Amino acid sequence: MELDPVLLSRVQFAFVISFHIIFPAFTIGLAAWLATLEGVRLWTGNQLYRRIFDFWLKIFALSFGMGVVSGIVMAFQFGTNWSVLAERTGSIQGPLLGYEAFTAFMLEATFFGVVLLGRDRVPSWFYFFSCCMVSLGTMFSSFWILANNSWMQVPLGHVIVNGRIIPEDWWAITTGPIMRVRWPHMLLAAFLTTGMCVAATGAWYLLRGKDVPEPRAMLNWGLGLVAVLIPIQLFFGHLTGLYVLKHQPAKFAAIEARWKTQQPASEVLIALPDPFEERNLFAIEIPRLGSFIASGNWTAREIGLETFPPEDRPPVTIPFFAFRIMVGMGLIMLAVSWFGNFLRWRGRLESTRWFLWVAFLSFPSGFIAILTGWFTAEVGRQPWVVYGLLRTKDAITPSLTTGDVLFSLACYVIAYAIIFGFGLFFIHRLLRDGPGRDASDRAKMTPARPLAVAMQSSTEEPR
């Protein structure tokens, strides 16, 4: 495979966004979890929730910082690698990214300062309000990013003037039918990711026989949240599939590895797609199920990739496997959360050690689902960067060379390895130390050293 600037720029953007997306997704759910904890503490007066809050706040602070770092460099690539995209679509993408920075990130960052430093400096009600604003800010941030990406997936509300794509209907761009499906799908994915992490953390501490009250609350709250949200997420996932079938039929065919048009269509559960011979090897299929999933009846005609010109077909292998991994992670979350709540109902949750191990080992399921879902959406959109309007190969900076991208990609890899290596190391130290420290430690935090407690906690021996 030839290493041209287009391919390398795609690899670079995929590398950067793969690192970036896991942190905002985690902090969206974690901010809502913190606001919930503070609200319950105010309502009940139970200091257990204060201790859990203080513990997760340190992890939120580190995750927030790493998300900011990775997000800043991601935006630079629109000018350095994808200047034609910026020129052609800047009238739409520029305002959307600007709104994300000024109406969401500023709201989130401003009140985060109060949450991090203001526990003993503001009234309790305002501190809780600040927690809610941080959570709202993370959700607003995801709204603008998803509005931008959803417009790239299915462009709406625009006109083309002198080769440039100009906004005509901002309401359609920001709140169109595609956005109304994809944004809830992303928010639910973030909540599920955090819920699985919280439950897995509680299970880990229970396995170690440590800090029993806090882990018990984490495990029960995490499993309860996931059990409630996962059926809703599966419903929105089905709606997402329907919009793909209607607006991006080539992507849908690639996800199903459906090379030929079929009536009725079978559902390929697993196979090894062979793009050179346009066939599936070692396929396990269920007859007629593909028609029922896509169209709601057992005999519908479903189009295959043969319907589209070769230059308009997306790759098959990555969307095919990524989609199935995403669905598999969703089924794991469904099974773990529902069986965990069954054990809780039977009074055996905390004593069933094999299940605690399963819950602990399931912690990456949400992250894997988000990444594979993103790969499905983005690779399946190819060869378009703005679907049906601008091809990826035409959006690259004309003067960009292979050497330029190789150098910048190497710099990103080295910088991310160092920054995120240290960040994940400190998060691991915080997790190893566990909750339950005296809330008076927060008094040691100063505006000059907002992470003083977090860093102190990470360097002390676990109790």
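Residues numbered from 1 in each chain as written. Predicted model: local features only at pLDDT ≥ 70, side-chain atom pairs only at ≥ 80, totals over all residues. Heavy atoms only, no water.

K.L.:
Give me unusual backbone geometry: which residues, what numbers.
P.N.:
Put simply, Gln263 and Pro264 share a cis peptide bond, and its omega is -10°. In this structure, Pro264 sits in the loop between helix H8 (249-255) and strand S3 (267-274). Following Gln382, the chain continues into Pro383 via a peptide bond in cis, with omega recorded as 10°. Along the chain, Pro383 falls in the loop between helix H12 (365-381) and strand S5 (384-386). One non-glycine residue, Ala257, lies in the positive phi region at around 50°. The topology assignment puts Ala257 in the loop between H8 and S3. (Helix = DSSP H or I, 4+ residues; strand = E, 2+ residues; numbered from the N terminus.)

K.L.:
Describe the environment of Ala265, naming the residues involved and giving the relevant values.
P.N.:
Assignment of secondary structure puts Ala265 in the loop between H8 and S3. When its relative accessible area of 0% is taken as the criterion, Ala265 is described as buried. Non-local contacts of Ala265, meaning those with residues more than four positions away in its chain, are made with Arg258, Pro287, Arg288, Leu289, Gly290, Ser291, Ala300 and Glu302. (Buried < 20%, exposed > 50% of the residue type's maximum accessible area, 1.4 Å probe, protein only. Contact = heavy atoms within 4.5 Å.)

K.L.:
Help me get a handle on the environment of Thr397, residues and values and all.
P.N.:
Position of Thr397 among the secondary structure elements: in the loop between strand S6 (390-391) and helix H13 (402-433). When the C-alpha atoms of Thr397 and Ala200 are compared, they prove to be 44 Å apart, with 197 residues separating the residues in sequence. With near-sequence residues (within four places) excluded, Thr397 lies in contact with Gly79, Thr80, Asn81, Trp82 and Ser83. Within the structure, the side chain of Thr397 is placed 3.0 Å from the backbone oxygen of Thr80, a separation counted as a polar contact. Side-chain polar atoms of Thr397 contact the side chain of Ser83, separated by 3.0 Å. (Polar contact = N/O pair within 3.5 Å; in protein donor to acceptor, adjacent residues only side chain to side chain.)

K.L.:
Break down the pairing of S3 for me, with residues and values.
P.N.:
Bridge count between S3 and strand S4 (residues 279-286): 6 bridges; the pairing is antiparallel. Each residue of the ladder has a partner; that of Pro273, found in S4, is Asn280. Connecting S3 to the next strand, S4, in antiparallel fashion are 4 residues, including Glu278 with a positive phi near 55°. (Pairing = 2+ DSSP bridges.)

K.L.:
Can you explain the packing of aromatic side chains? Please cite residues and give values.
P.N.:
Under the counting rule described, the total for this entry stands at 39 aromatic pairs. On the numbers, 6.2 Å between centres and 25° between planes, the contact of Phe360 with Phe363 is stacked. Relative accessible area serves as the criterion here: at 21%, Phe360 is assigned to the partly exposed category. By relative accessible area, which is 38% here, Phe363 ends up partly exposed. Each residue in the set Phe55, Trp56, Trp204, Tyr205, Trp357, Phe360 and Phe363 is aromatic and connected to the rest through ring pairs, giving one cluster. Just above the ring of Trp204 sits the side chain of Arg208; from NZ or CZ to the centre is 4.7 Å. Above the plane of the ring of Trp384 lies Arg391, whose end atom (NZ or CZ) is 4.2 Å from the centre. (Phe/Tyr/Trp six-rings, centres within 6.5 Å; stacked < 30°, edge-to-face > 60°. Lys NZ or Arg CZ within 6 Å of the ring centre and 35° of its normal.)

K.L.:
Could you give an account of the pattern of salt bridges, with specific residues and numbers?
P.N.:
Between side chains of opposite charge, a pair can form when the charged atoms approach closely. This structure, assessed with the given rule, holds 14 salt bridges. A salt bridge links Glu278 to Arg313; the shortest N-O distance between them is 2.8 Å. Of this pair, Glu278 sits in the loop between S3 and S4 while Arg313 is found in the loop between helix H9 (289-295) and helix H10 (317-345), placing the two residues 35 residues apart along the sequence. When its relative accessible area of 29% is taken as the criterion, Glu278 is described as partly exposed. Here Lys393 ties to Asp394 by a salt bridge, and the two come within 3.4 Å at their closest N and O atoms. The exposed category is assigned to Lys393, whose relative accessible area is 53%. Three or more residues joined by partner-sharing salt bridges are found here, namely Glu38, Arg41 and Arg119. (Salt bridge = Lys/Arg side-chain N within 4 Å of Asp/Glu carboxyl O.)

K.L.:
So, a nonpolar patch on the surface: which residues are in play, and what are the values?
P.N.:
A cluster of nonpolar side chains, Val69, Ile414, Ile418, Ile419 and Phe422, forms an exposed patch at the surface whose accessible area comes to about 450 Å². At 4 residues, the largest contribution of residues to the nonpolar patch is made by H13. (Patch = residues over 30% accessible without salt bridge, like charges linked within 9 Å, V, L, I, M, F, W, Y side chains within 5 Å. Areas by Shrake-Rupley, 256 points an atom, 1.4 Å probe, with all protein chains shown as cover.)

K.L.:
I'd like a description of the nonpolar core, backed by residues and values.
P.N.:
If you look at the biggest cluster of nonpolar residues, it comprises 78 residues, and the most contacted ones within it are Trp56 and Phe112. When near neighbours in sequence (up to four residues on either side) are disregarded, Trp56 contacts Phe26, Leu30, Trp33, Leu34, Cys197, Val198, Thr201 and Met218. (Core = buried A, V, L, I, M, F, W, Y, C linked by side-chain atoms within 4.5 Å.)

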